[in-house]
Amino acid sequence: MIKLIENYIDNLSGVQCNYITLQAMDEELIDEYYNSYINYSKKEQHSDALKLLQSKKDIFGVPMVLYMTLALDIKIEDESSVVDVYDQIFAKNRGLYDRVVLKTGVHRVQEFKEKLHCISKEFAVWMFRHEAEKAEITETAYKKIITEQLGEERVQDVLIGSYFKHCEGMNTSSVCFVHRSIYEYYLVTNFCDKLWENEESLLKNKKEFAEFWVSYFQQGVITVTICEYIKHKIKKYFNHDKEKCETFFEYMEDVLIYLVDNGFSCKETPTNELLVEKLKREGNCFSNYIILFFLNSGYYTF
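Residues numbered from 1 in each chain as written. Predicted model: local features only at pLDDT ≥ 70, side-chain atom pairs only at ≥ 80, totals over all residues. Heavy atoms only, no water.

Let's talk about the pattern of salt bridges
The test is simple: By definition here, a salt bridge exists when the distance from a side-chain nitrogen of Lys or Arg to a carboxyl oxygen of Asp or Glu is within 4 Å. Here a strand is any run of E in DSSP of at least two residues, a helix any run of H or I of at least four, and the numbering for each starts at the N terminus. For each residue, the accessible area found with a 1.4 Å probe, counting protein chains only, is set against the maximum for its type, and the residue is called buried under 20%, exposed over 50%, and partly exposed in between.
Considering all chains together, one arrives at 10 salt bridges under this definition. Ionic pairing is found between K144 and E148, a salt bridge with its closest N-O pair at 2.7 Å. Here the residue K144 and the residue E148 both occupy positions in helix 7 (residues 139–150), the gap between them amounting to four residues, near one helical turn. You can call E148 exposed: its relative accessible area is 56%. Put simply, D84, D87, K233 and K236 are held in one network by salt bridges that share partners.

The following block contains the structure:
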C-alpha cells in the first residue's frame, strides 16, 4: 500500500499496487481543524479569517500548511498564493526558524537560521538534479552540504527542523521535505534569489543569462507547480507591474532564440561526455524552457 498526493501523479492507471490518494481538506474539515486549533491554543477566533482560509482550500487544505499558518500567525490576503504564505513561514525573521525555542531561552538552531535557509535551498537543488520524482536527498549528499555550511557536528541540528523528515521505506537513510510543495518552493526561491542577485549582468547579457539557465535546468523536469511559483516570484519582484513583467518575458524569449542558435550546453559540461548524454542534457534543458514559457499559452497574462 502506498500514499499518493492528488495532482502529483498524471496517470493513476499505471500504478501497479494498492494505493491511497491523499486529497486536500474541504471547507468543512478546514472549519473543524481551525476551531480545534483555536480551542487548543486559546487564541482569539476570527470568522473572517476562517472564511478566507476556506476560500483558498487548494492552499490551506493541506493540514501541515494550515497548521504552520495558524501557529505563526501568517497574514493572509485575498490575493495570497502559496508562495506568499511560504515566504512568511520561511522568513529569516519571525518565521518558522524563530519558532524553535526552549523554556530556558534561544534554541541553538536560531543561531544559524540563515545558514539553515541556504541549506534548505541547496537540498532542493540537489533533489531536482538527482531525484526529482522522489524529491529526496541521500545521506551522503545532505551530510556533505551541511558539513560545508556548518560543520559535521551540526548535521543532527539541521535535521530536527520541523519541515524535514526521513523518507519512508526499508534500508533508506534519505531525507525529504514534509511536503513536496516545500521542496518546489525552495528550488524556485534559490533560482530567483540568484537571478535577482545578478540581475544587472544577467538581464543585460543574453549569453550570461543562457549559461545561468542551462546550469540550473539541464537536469530535472520543471512541473506545473514550479512554473507557477517562478511566475509568481517574478510578478512579486516587479510589484505586479505589467509592463516590467512583459519586458522580462520578452527578454527571455530573446534568450530562447540565442539558445536555439548556440546550443543548450554549458561550460560545466564534461568535454569527454558521450554524444547521447550531451544531446539528452540539451534536450532536457530545451524542454524545461518550453514548459516554463508556453505551458499555458498565456504567459503574458499578468
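Describing the side chain of R180
Quick note on the threshold: Any N or O atom pair separated by 3.5 Å or less is treated as a polar contact, with the protein-specific requirement of one donor-capable and one acceptor-capable atom, and with residues adjacent in sequence counted only for side-chain atom pairs.
Its place among the elements puts R180 in helix 9 (residues 180–197). On the basis of relative accessible area, R180 is assigned to the buried category, the value being 19%. A distance of 3.0 Å separates a polar atom in the side chain of R180 from the backbone oxygen of E133.

So, helix 7
Put simply, the rule is: Take the residue count of a helix, subtract one, and multiply by 1.5 Å to get its expected span. Contact definition: two residues touch when any of their heavy atoms are within 4.5 Å.
With 12 residues, helix 7 should cover 16 Å at 1.5 Å per step; its first-to-last C-alpha distance of 16 Å lies within 8% of that length. Close packing links the buried residues of helix 7 with helix 6 (113–130), strand 5 (136–137), helix 8 (155–159), strand 6 (164–166) and strand 7 (175–177). At the exit of helix 7 stands G151, carrying a positive phi of roughly 105 degrees.

What about the sheet that holds strand 7?
Note the threshold: Pairing between strands is defined by DSSP: at least two bridges between the two strands are required.
In spatial order, the strands read 5-7-6; together these three strands make up an open sheet with antiparallel pairing. With one partner strand each, in any of the chains shown, strand 5 and strand 6 form the two edges of the open sheet. Here strand 5 pairs with strand 7 via two bridges, running antiparallel. Paired with E136 across the strands is C176, a residue of strand 7.

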